[in-house]
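Residue-level structure breakdown
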Amino acid sequence: MYCSKECMDKAHKQYHRYECGVLRDCWRIVGHLFGGMVGLRTVATAIASFDQDLEGLAHHLDTLDEANVNAFTVDWNEVTDSDMYDTVHVLATNQKRRGRKDLSKLIFFTSIVHLLLLERTELGPLCESNPARSKLLFDLLLRHVQTSLINKKGVYHMTRSKDDEEEDEYEDNYFGYDRDDEEEQEYTDYGEETHAIAVYPLFSMVNHSCIPNVAPIHLLDGRCAFVANRPIAAGEQLFDVYDFLTMEFDPSFRRYCLKQSYFFSCRCPACQSGWPMPFRNKSLAEEHFLLLLREMDNVVQGLPRLVEYMNQAGRHYPKHQITAAEVILSHTLRMIHSYSPVDDMLNEMEGIAEIGLEAIFKRILIRNFR
């Protein structure tokens, strides 16, 4: 779905001209390897940014001083397509840390995609008479399948739903904390849903900690912003959490997941201390903000008060635990900047479509078994 004909033409020129003929078969073989699809998109965009001049792209990469490419020093207001690609090209592949089985799987996938691109897209005639071009295409695919697996990020948009049922005495709310108000009441639940998968060069420069000091906010225009969720001293390193889904588990399992996906052993304060759960229990003030900021109408009034509370002198932020205020802050900012009524409308349309299909199947079954 595209917002306009201009948007569709731009997407076709940038990447879909190469993807269209191979995308369906790629999805059939890719399984859970989402990094493979992002890698294909990265290579397609890179080739398009050089106007299909594979020799020009090869020369650019041969003369590229990778040591001097730094996403932190790039002027993102003046960046060119080739400059932007450079910041992606230098991202880590971790190829030397991969096992033989893992690397063989990636090479197998890359070989199939490479063959499909040569057979079904305009890259075939370009590479047919020049083996060097074909090798460049394969090398780029293999490189970015790996960089995408390491650096891909979920792009989360907020969705809104009404919830007026209380199933248990303690009900999980959208912050992951227990909600213990006893009265049944209807409230709006803002939850995060994956909108896309992306590689952000600047985002990828931030290291991991199970106790992060920044949180990503995915803007509706495709950009990603960071917000400090606890005090950060001048010169202090920024940390994000790579896999939030593992945060509820014990340190050994968190470290295992990070080792399998990112090939490093986490040595953050939470893992070193062996603390079983990195989330600290809510204070009374945090409970108040939790209830206040669940509704969008209260955000304008409540968010400055939350920030003032978090900035109070002497406020303690444990090195081995995340406070509820930090989670509430990032979630509230996502409500403001990552929510669009259009997403709600599309979700409702998908629900209607599912109901429609279900009704059709029921009619078929009833007709066949009368």
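Residues numbered from 1 in each chain as written. Predicted model: local features only at pLDDT ≥ 70, side-chain atom pairs only at ≥ 80, totals over all residues. Heavy atoms only, no water.

The protein chain has the name SET domain-containing protein in an unreviewed UniProt entry, where Anopheles coluzzii is given as its organism.

1. Brief notes about a nonpolar patch on the surface
A surface patch of nonpolar side chains, amounting to about 440 Å² of accessible area, comprises F72, W76, M84, L202 and M205. If you trace the backbone, F72 turns up in the loop between helix 4 (54-62) and helix 5 (81-89). (Patch = residues over 30% accessible without salt bridge, like charges linked within 9 Å, V, L, I, M, F, W, Y side chains within 5 Å. Areas by Shrake-Rupley, 256 points an atom, 1.4 Å probe, with all protein chains shown as cover. Salt bridge = Lys/Arg side-chain N within 4 Å of Asp/Glu carboxyl O. Helix = DSSP H or I, 4+ residues; strand = E, 2+ residues; numbered from the N terminus.)

2. Regarding the pattern of salt bridges
As enumerated under the stated definition, the model contains 12 salt bridges in all. A salt bridge links R17 to E122; the nearest nitrogen and oxygen atoms lie 2.9 Å apart. Placement of R17 in helix 1 (residues 5-19) and of E122 in the loop between helix 6 (100-120) and helix 7 (123-128) is noted, with a sequence separation of 105 residues between them. Among the ionic pairs, E287 bridges to K282, the shortest N-O distance being 3.4 Å.

3. Thoughts on the pairing of strand 7 (residues 224-228)
Pairing between strand 6 (residues 214-218) and strand 7: 5 bridges, direction antiparallel. Of the residues in strand 7, the one forming a bridge with I217 is A225. Taking the residues that link successive antiparallel strands as the turn, the strand 6-strand 7 hairpin has 5 residues, and the phi of G222 there is positive, at about 100 degrees. (Pairing = 2+ DSSP bridges.)

4. Considerations on a positive patch on the surface
On the surface, R97, R255, K259 and R267 cluster together to form a positively charged patch. On the secondary structure map, R267 appears in the loop between helix 9 (251-262) and helix 10 (269-273). (Lys, Arg positive; Asp, Glu negative; His and termini not counted. Charge placed at Lys NZ, Arg CZ, Asp CG, Glu CD.)

5. Let's talk about the side chain of D25
On the secondary structure map, D25 appears in helix 2 (residues 23-30). A polar contact is formed between the side chain of D25 and the side chain of R120, at a distance of 2.5 Å. The contacts of D25, once residues within four sequence positions are left out, are L116 and R120. (Polar contact = N/O pair within 3.5 Å; in protein donor to acceptor, adjacent residues only side chain to side chain. Contact = heavy atoms within 4.5 Å.)

6. A word on the packing of aromatic side chains
By the definition in use, this model includes 8 aromatic pairs. Taken together, a centroid distance of 5.5 Å and an interplanar angle of 85 degrees make the contact between Y190 and Y339 edge-to-face. Taken together, the residues span a long stretch of sequence, with Y190 in strand 4 (residues 187-199) and Y339 in the loop between helix 13 (324-337) and helix 14 (341-368) at a distance of 149 residues. Owing to a relative accessible area of 2%, Y190 belongs among the buried residues under this scheme. Here Y339 falls in the buried class, since its relative accessible area comes to 11%. On the basis of an interplanar angle of 85 degrees and a centroid distance of 6.1 Å, the ring pair of Y242 and F264 is categorised as edge-to-face. Of the two residues, Y242 is situated in the loop between strand 8 (239-240) and helix 9 and F264 in the loop between helix 9 and helix 10; the sequence distance between them amounts to 22 residues. We classify Y242 as buried; its relative accessible area is 19%. (Phe/Tyr/Trp six-rings, centres within 6.5 Å; stacked < 30°, edge-to-face > 60°. Buried < 20%, exposed > 50% of the residue type's maximum accessible area, 1.4 Å probe, protein only.)

7. Side note on unusual backbone geometry
Most peptide bonds adopt trans geometry, and most residues besides glycine take a negative phi value. The phi torsion at D51 lies on the positive side, around 55 degrees, for a residue other than glycine. With respect to the secondary-structure elements, D51 resides in the loop between helix 3 (34-49) and helix 4. A residue is classified by how much of its surface remains accessible, and D51, at 64% relative accessible area, is exposed. Within the chain, N94 stands out as a residue other than glycine whose phi angle is a positive 55 degrees. Structurally, the position occupied by N94 is in the loop between helix 5 and helix 6.

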